[in-house]
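# Close look at the chain arrangement
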Amino acid sequence: MIPRSESIVQSDSSTDQWRKILQESTLPAAELLNRLGLDNHDIPLADTGLRQFPLRVPPAYLGQIQYADPDDPLLRQILPLAAEDRPTAGFGPDPVGDRQSQKRPGLLHKYHGRALLTLTGACAIHCRYCFRRHFPYADSTPTRKAWSGVLEYLRYDGTITEVIFSGGDPLSLPDTRLARLAADLERISHLKRLRIHSRMPVVLPERITPALIGWLTGLSLKPVLVVHVNHPREISAAAAEGLQALHAAGIHLLNQAVLLKGVNDSVATLAELSERLFANDVLPYYLHLPDAVDGAAHFNITDDKARELITNLRVILPGYLVPGLVREIAGAPYKLPLL
């Protein structure tokens, strides 16, 4: 018998389209600079960082980057600069304690009431500040063999009411597989919500297909999609259309951003981001301080600067458009507010 959630997944040409684009998202750093009219002799690139964490960017996102602007905030998020190779005190491979929180392969249980599944290490885009850029995905994804152990853990902990699909980017997986996993979760009576964390709706908007919306809206679990937008220019016309389609289908949309030096560390940019998100039916949720992961120290913002930005943001925006300023600390029972 086909599970109800899986039966509504239809095969169509849109599925083939986004998967083809996903396969075309890796390119050499020198080629990226050449396409953008930049001289690689003037921009020192990472060596170790690039080998450990290759450059990856979808064509649609690349098309949003300003030509011949080395300081473009979208480019800064994906460009592997030589600064990544410099070791920095206090920065390490597992800044938020993911490994110590893993209870089963691919299942992290940090906070009361919710558990997170690292379904895949694959992403459409490699953000250079990624806190899981060193995560051991080969040993930390719920394979078919390990899936029964994940379900057993969730089934016997009645305090867990929400499961989070994460990664990598869970939407890099086929809808048939995601629907099958969700159908298994539906059979656990105390689960109420399925949350999905994904950057796909903005970096590869072709991923928002009728098949995706179909299985999400067919769930008995309440679906919540948390997107990851750091800059207002990331919301292209195609991304806006996809977000509005998700909202129209009844899927709750939230945004988690990361406060990044040289990307969005200004009141004007953050205010425009909140306005543009809400105009497209997404509620600003969290603004994270960058995690102290090896290779990302050049994005760091001081706590005082972050607090100043949020204070000034509150002056010009209604409260519901001001995201919560937080930091994740390994072992803490929740994300810690800074203001």
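Residues numbered from 1 in each chain as written. Predicted model: local features only at pLDDT ≥ 70, side-chain atom pairs only at ≥ 80, totals over all residues. Heavy atoms only, no water.

With that settled, consider the overall build of the protein. Check the secondary structure of the protein and you find 13 helices and 10 strands. Since a compact globule built from 339 residues should have a radius of gyration of about 20 Å, the 20 Å found for the protein is in line with a globular shape. Seen through its C-alpha atoms, the protein measures out along the principal axes to roughly 60 × 45 × 40 Å. Put simply, the protein has 339 residues, and 56% of those count as buried. Nonlocal contacts in the protein, meaning residues at least 24 apart in sequence, comprise 83% of its contacts between residues at least 6 apart. (Helix = DSSP H or I, 4+ residues; strand = E, 2+ residues; numbered from the N terminus. Rg over C-alpha atoms; globule rule 2.2 N^0.38 Å. Buried < 20%, exposed > 50% of the residue type's maximum accessible area, 1.4 Å probe, protein only. Contact = heavy atoms within 4.5 Å.)

Moving on, we get to the environment of leucine 75. Looking at where leucine 75 falls in the secondary structure, it is placed in helix α6 (residues 73–78). With a relative accessible area of 0%, leucine 75 lands in the buried category. On a C-alpha basis, the gap between leucine 75 and threonine 15 in space is 27 Å, while along the polypeptide they are 60 residues apart. In this structure leucine 75 touches Leu32, Leu36, Leu38, Ile65, Asp69 and Pro70, once residues within four positions along its chain are discounted.

As a further point, take the packing of helix α7 (residues 144–156) against helix α8 (residues 175–186). Taken N-terminus to C-terminus, the directions of α7 and α8 make an angle of 30 degrees; their axes are 11 Å apart at the nearest point. Overall, the two elements α7 and α8 adopt an arrangement that is roughly parallel. As for the relative orientation of α7 and α8, their crossing is right-handed in sense. Contacts between α7 and α8 involve Arg144, Trp147, Leu151 and Leu154 from the former and Arg180, Leu181, Asp184 and Leu185 from the latter. (Axes fitted to C-alpha atoms, helices over the stretch in contact; angles between N-to-C directions. Parallel < 35°, antiparallel > 145°, perpendicular 65-115°, else oblique. Left-handed = near helix turned anticlockwise from the far one by under 90°.)

Using the criterion set out here, one finds four aromatic pairs in the structure. Where phenylalanine 135 meets tyrosine 137, the ring centres are 4.8 Å apart and the plane angle is 70 degrees; that geometry is what we call edge-to-face. In this pair, the class of phenylalanine 135 matches that of tyrosine 137, namely buried. The interplanar angle of 55 degrees and the centroid separation of 5.4 Å between the aromatic rings of phenylalanine 278 and tyrosine 320 together place this pair among those described as tilted. (Phe/Tyr/Trp six-rings, centres within 6.5 Å; stacked < 30°, edge-to-face > 60°.)

Together, Phe278, Leu283 and Tyr320 give the surface a local cluster of nonpolar side chains, amounting to about 290 Å² of exposed area. In this structure, tyrosine 320 sits in the loop between α13 (303–316) and β9 (324–327). (Patch = residues over 30% accessible without salt bridge, like charges linked within 9 Å, V, L, I, M, F, W, Y side chains within 5 Å. Areas by Shrake-Rupley, 256 points an atom, 1.4 Å probe, with all protein chains shown as cover. Salt bridge = Lys/Arg side-chain N within 4 Å of Asp/Glu carboxyl O.)

On to the pattern of salt bridges. One pass over the structure, following the stated rule, counts 16 salt bridges. Salt-bridge contacts for glutamate 162 lead to arginine 195; the nearest nitrogen and oxygen are separated by 2.5 Å. Here arginine 195 lies in strand β5 (residues 193–198) and glutamate 162 lies in strand β4 (residues 162–166), a separation of 33 residues in the sequence. One connected set of salt bridges, linked through shared partners, spans Asp98, Lys110, Arg132 and Glu328.

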